[in-house]
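What the coordinates show
Listed here are the chains, written in short residue letters.
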Amino acid sequence: MSTGDSTLMRPRLLGRATVNAVVAISVLYTLLPVLWLVLAAGKNRDALFSSNLLSLGDFSFVQNVRDLFAMDDGLYTRWYGNSLLYAVLGAGVGALVSVACGYAFDKYGFRHKEKLFGLVLAAVMVPQTVLALPLYLMASEAGLVNTFWAVFIPVLFNPFGVYLGRIFSQGYVPDEVLEAARVDGAGELTTYVRVALRMLGPGLVTVFLFQLTAIWNNFFLPMVMLSDQDLYPVSLGLYQWNSSASVSPEYYPVVIMGSLLAVVPLILAFALLQRFWRSGLTAGSVK
Amino acid sequence: MTATTQAQPTAPATASRATVPASAQRARKRARRGQLAACAVLMAPFFALLVTVFLIPVGTAIYLSFFSDDQPGLGFGPERTIFVGLRSYAAVLTDPTFLSGLATVALYCLIYIPLMVIGALALALLLDSGVVRLRAWAQLGLFLPHAVPGIIAALIWLYLYTPGISPVIDLFAKADITIDFLGIHTVLPSIVNIALWSNLGYNMVVFYAALQAVPREVIEASVVDGAGPVRTALQVKTPLVRTSIVMVAIFTLIWALQLFTEPMLLSQSSPMINSRFSPSMYIYDAAFTRNNYSLAAAASVVLLVCTIALSYGVTRWTSRANTPEETAR
């Protein structure tokens, strides 16, 4: 290269080192708390309070798991099952509903379409806490308070999924394909189910994953709607156990182990479906 | 598209000019009706949800905020619902606990949003610069907290803030620094930290994806023009991912205004967080602890109006800030 290269080399190397150091520190910031969770989950109560995380002497991972599932007659298993049911079923149905609507917004024209779409986008903005009280009153009128449905129905609603569905439909389903299907005499809905839905697959998975995360994280709605512990999702259950821990410290190791296990499904989902959500993020942000 | 479909059948159409247009028109009309029906079927489930879990609740909240249950006499006799006009709004807006909640969230937004947007963008630019080693692993590590549910993130950090359990406080103690993460001045930054930890990696990935879509020629051109990597990042790449920045800022804002989960959990251990720490906690407290529905509804509507006004403001402000630049090009 040029003769100035050797003088340029020093600051550039320095810059390279700084950049890598900044990124490394950021990664430590995000990883260390999770690492703490993993280490702390293996401690019994006394070791937890002695803060001696790295001593392996009092390792009681298996005992903690056993305690967790035995606590309060195996309540944790119920919560875990509930969370899976709310999240997987809710995200599955919700994603199908939103993507179908987004597809219709993209492929069909009618009067005031953009105004209607504006309403959908406005719904993205509305805080959940604003809707909680009226939803609670409606559910209590319908006799649904403290039932599965009180939590399940509201979480199906995902206006951002409609927005993503419309973008994916623009990107993945060419209009020519629909024209061809129409020429062949296929019905509109048949075309959607047999042809378009398959092309929308990656988008559907992205919307599913976003909604899965949102429902798994959901805390406010179950807190408002549910009083029966047997219907709690993991998030609300751990919250409750943690509030008992200040009185009865035997809950501490159980809460920590419960937290660790509650993180596993989402990490698995993100790892397994990685190539889908990455493309989904691009679609959502570049547009 | 209509041009090609019309152009093809011209030859047979001339043969029977009198009969075809009428039947073709009817066929087209029928196809159009079929399309609208399909469109309605595809949209119906979503709009049924929109009406039941969005429009009706918003309407109910507004309705409730103008009415109140009045119990005549000493609580005997039938309960009546009466129109109280703006009384609930006056009650909410003069309630010092609600106003302090609003102030808390405003301060929280002022600290959190710039930190989040600048931090995530800076990390994305660094990762996009091409000098970072193990880039895919770094991204995965940064993204990991997104898979940790909010309540569990708050739990982890609560323990890391708790003396006796926290290795962080131990480390500080060894350096002879006593630090109370849940004290009166530290509790808000502690909450900001939890939110930052949870969302930094996710927004970084959003920015990174947008940066990847920047055409390579643009960057090469700026390098040829003699711009260093820092200038390229700040003056070439950053303006090109403006839409993503606005989107992340708006979503972060909407999310931040709902502040509930973290303070709710920390309130179990910190006396610094009362039950009306943020507007959302105020709504919860008013509705489900004090059973004052009209007060809770009025507070909800105030929060809703603030959210819409602020998001609208951000959109308008950013689009106005961009227009002179756009016309200059």
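Residues numbered from 1 in each chain as written. Chains lettered and ligands numbered in written order. Predicted model: local features only at pLDDT ≥ 70, side-chain atom pairs only at ≥ 80, totals over all residues.

Some points on helix 7 (residues 150-161) of chain B
All names here are of chain B. Here helix 7 spans 16 Å end to end across 12 residues, near enough to the 16 Å set by a 1.5 Å rise per residue. Among the 12 residues that make up helix 7, 12 are buried, leaving the element largely enclosed by the rest of the structure. Taken residue by residue, helix 7 has Gly-150, Ile-151, Ile-152, Ala-153, Ala-154, Leu-155, Ile-156, Trp-157, Leu-158, Tyr-159, Leu-160 and Tyr-161 as its buried positions. (Helix = DSSP H or I, 4+ residues; strand = E, 2+ residues; numbered from the N terminus. Expected span 1.5 Å × (residues − 1). Buried ≥ 20, exposed ≤ 12 C-beta atoms within 10 Å, placed from the backbone.)

Details of the confidence of the model for chain B
Residue and element names in this part refer to chain B. In this model, chain B carries a mean pLDDT of 81, and residues with pLDDT of at least 70 account for 88%. Looking at the elements of chain B, mean pLDDT is at its lowest for helix 1 (residues 2-7), recorded as 40, and at its highest for helix 5 (residues 96-128), recorded as 92. With pLDDT under 50 throughout, residues 1-18 is counted as low confidence; its partners more than four residues away or in other chains account for three contacts. Predicted confidence for residues 324-329 stays below pLDDT 50, and this span has zero contacts to residues more than four positions away or in other chains. Scored as a whole, the predicted complex attains pTM 0.84, and scored at its interfaces, ipTM 0.85. (pLDDT = per-residue confidence, 0-100. Contact = placed C-beta atoms within 7 Å.)

Regarding the interface of chain A and chain B
With 70 residues of chain A at the contact, the number on the chain B side is 77 residues. Per-element accounting of the side of chain A that touches chain B gives the leading share, 13 residues, to helix 1 (residues 5-41) of chain A.

Quick word on the nonpolar core
Residue and element names in this part refer to chain B. Grouped together as the largest cluster of nonpolar side chains are 164 residues, with contacts concentrated most on Ala-124, Leu-155, Phe-207 and Ala-299. Per element, the largest residue contribution to this core is 15 residues, and it comes from helix 9 (residues 187-212). The contacts of Phe-207, once residues within four sequence positions are left out, are Ala-120, Leu-121, Ala-124, Val-241 and Ser-244. (Core = buried A, V, L, I, M, F, W, Y, C linked by C-beta atoms within 7 Å.)

With respect to the domain arrangement of chain B
All names here are of chain B. The domains assigned to chain B are domain 1 (17-85) and domain 2 (90-328). When each unit is reduced to the centre of its C-alpha atoms, the spacing between domain 1 and domain 2 is 35 Å. On the domain 2 side, the residues contacting the seven residues of domain 1 number six residues. Of all elements in the fold, only helix 3 (20-66) and strand 1 (67-70) reach the threshold of two or more residues within the side of domain 1 that touches domain 2. Here the element with the most residues in the side of domain 1 that touches domain 2 is helix 3; it accounts for four residues. Partitioning the side of domain 1 that touches domain 2 into residue classes produces five nonpolar, two polar and no charged. (Domains from an automatic or database assignment. Nonpolar A, V, L, I, M, F, W, Y, C, P; charged D, E, K, R; others polar.)

As for the packing of helix 4 (residues 75-107) of chain A against helix 7 (residues 148-156) of chain A
All names here are of chain A. Contact geometry for helix 4 and helix 7: axes closest at 8 Å, N-to-C directions at 35°. Handedness of the crossing formed by helix 4 with helix 7: right-handed. Listed contacts from helix 7 to Tyr-86, Gly-90, Val-93, Gly-94 and Val-97 of helix 4 are Val-151, Phe-152, Val-155 and Leu-156. In the contact of helix 4 with helix 7, the residues fall into seven nonpolar, two polar and no charged. (Axes fitted to C-alpha atoms, helices over the stretch in contact; angles between N-to-C directions. Left-handed = near helix turned anticlockwise from the far one by under 90°.)

Let's talk about the domain arrangement of chain A
Residue and element names in this part refer to chain A. Domain parsing of chain A yields domain 1 (5-63) and domain 2 (64-286). Of all the secondary-structure elements, those providing two or more residues to the side of domain 1 that touches domain 2 are helix 1, helix 2 (45-50) and helix 3 (61-70). Take the side of domain 1 that touches domain 2: its biggest share by element is four residues, from helix 1. Looking at the side of domain 1 that touches domain 2, its residues break down into seven nonpolar, three polar and two charged.

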